[in-house]
Amino acid sequence: MSEQKTGRLYGVGLGPGDPALMTVRAVQIIAGADVVAYHSARHGRSIARSIAAEHIRADHIEEPLVYPVTTETTDHPGGYRGAMEEFYAQAAARLAEHLDAGRTVAVLAEGDPLFYGSYMHMHKRLADRYPTEVIPGVTSVSAAAARLGTPLVEGEEVLTILPGTLPEEELTARLAATDAAVVMKLGRTFPAVRRAFEASGRLPEARYVERATMAGERRAELAGVDPESVPYFAVAVLPSRVDAPRPGNAPDGGEVVVVGTGPAGPLWLTPETRGALAAADDLVGYTTYLDRVPVRPGQVRHGSDNKVESERAEFALDLARRGRRVAVVSGGDPGVFAMATAVLEVASQEEYARVPVRVLPGVTAANAAAARAGAPLGHDYATISLSDRLKPWEVIAERLRAAASADLVLALYNPGSRSRTWQVGKARDLLLEHRSPDTPVVLGRDVGGPAESVRTVRLADLDPAEVDMRTILIVGSSQTRWVRRGGDEGEQIVWTPRRYPEG
């Protein structure tokens, strides 16, 4: 007696709503199926079934999978999640009975079966037990872009798909950081989604599409949509920025945003900084830092060397007065020995008083090097630049003595360059008057970059020849610890306890 063959499971993508957008393969599978299953609300109507209605025959076995709840309000002992888990398990068991009997089961799914769809809950419970095929469908994302008639993404742009059910702050951060986006699952989430668009500065670009390709389709500017009118089957769209009009190009719409790129490349950018860089009409900065920012169509880049900070700031503010949105690009954090001070100093002049200026924080070189080494900045610390280009060495030496005598950890910026070779040795000798020769010193060079090097030496062994303009030094206090975890071959870490001994 031969073993009975099981049936085959199909997840059938129906597209966004217009039956004409079903694929040929989807129609073929439905025609050949013994059982047609579809999810529906308790009122019995199913959008999936209505899309495929003309292909469902009288002799098809229909399996409506009726949701027990449509909101998160339920008296189920396991709450909403428990009610849904029980429903999915029961629905999968019903389909398994047909499959065990050798019947072919087609589970209908709006859009694409594995894109925010209910079919995936059946797939996860059945696909490892029965032969399964998923028929892809046109998603609502593609349909919305097509109905808007504008490119969704182009060239090197990044598209982000977001569920509107995310926390509002998370939505805001992701909208600020991306080029293009689609937010799904609106309905009751719409007020929070709209606030996220506004907080991220993207509301003027945002479009709204409701029931794309279906009866009752509606398209509008997102800002003008009445929240009370928004159904679940609606999406918010940020289309491509390439060739799109930039809202900052107005006679009085300019601004200057001073941003920090962190110590190296894109991994160190905050979402807010990503958004500001993408939204800018003009990028102004030291060429080395501008090279960290991806080239975008429509943006103008104004690079210069690192010795014209005031001129660079004045140039940026003049652009903004002409209605341009300008990002002044700085390394690390723009407020730590960087461009924010130069911009604000010029912006304080009367002629620029009406130009909006914002400063966005970035990861500092000290924080980056400290994180690589462990936690040497775990207690009080001082940040001092060893460059005597803008202040005399006597002032630097006085501050070094004060910080050293106070037993502060020191983060030393700009320790050396090709034209400044003696400051590190002088600083070392001065610090040795207050610190043990065994005090750990972290040398962080090109942190986050291709030539990254982070190592720790004794203060007495600090060699000025090993320090250049791409290096930052972190000098420990009397409490800073320098240990190897796991023996001689283990990981070396440096950390400063948060608890200080009582005097």
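Placed above this text is the structure.
Because the structure is a prediction, the values reported are computed rather than measured.

What counts as what
- Residues numbered from 1 in each chain as written.
- Predicted model: local features only at pLDDT ≥ 70, side-chain atom pairs only at ≥ 80, totals over all residues.
- Heavy atoms only, no water.
- Buried < 20%, exposed > 50% of the residue type's maximum accessible area, 1.4 Å probe, protein only.
- Helix = DSSP H or I, 4+ residues; strand = E, 2+ residues; numbered from the N terminus.
- Contact = heavy atoms within 4.5 Å.
- Phe/Tyr/Trp six-rings, centres within 6.5 Å; stacked < 30°, edge-to-face > 60°.

(A) Just helix α12 (residues 365-373), in detail. Among all positions in α12, only A366, A368, A369, A370 and A373 are buried. Buried positions along α12 lie against β16 (374-375), β18 (409-413), β19 (440-445), β20 (453-458), β21 (471-475) and β23 (491-495). Of the residues one or two after α12, G374 is the one with positive phi, at around 145 degrees.

(B) Here's a closer look at unusual backbone geometry. Unlike most non-glycine residues, Y116 shows phi in positive territory, near 50 degrees. In this fold, Y116 is placed in the loop between β4 (105-109) and α4 (119-126). Non-glycine residue R211 carries a positive phi angle of around 50 degrees. Relative to the assigned elements, R211 resides in the loop between β8 (207-210) and β9 (218-221). We classify R211 as partly exposed; its relative accessible area is 31%.

(C) Seen up close, the packing of aromatic side chains. One pass over the structure, following the stated rule, counts eight aromatic pairs. Judged by centre distance (5.2 Å) and plane angle (50 degrees), the ring pair of Y67 and F87 falls under tilted. In this pair, Y67 is assigned in the loop between β3 (61-66) and α3 (79-100) and F87 in helix α3, connecting sequence segments 20 residues apart. Like Y67, the residue F87 is buried in the burial classification. With 6.2 Å between their ring centres and 80 degrees between their planes, F190 and Y208 make a pair best called edge-to-face. Of this pair, F190 sits in helix α7 (residues 190-199) while Y208 sits in strand β8, and the two are 18 residues apart along the sequence. Given a relative accessible area of 0%, F190 falls into the buried group.

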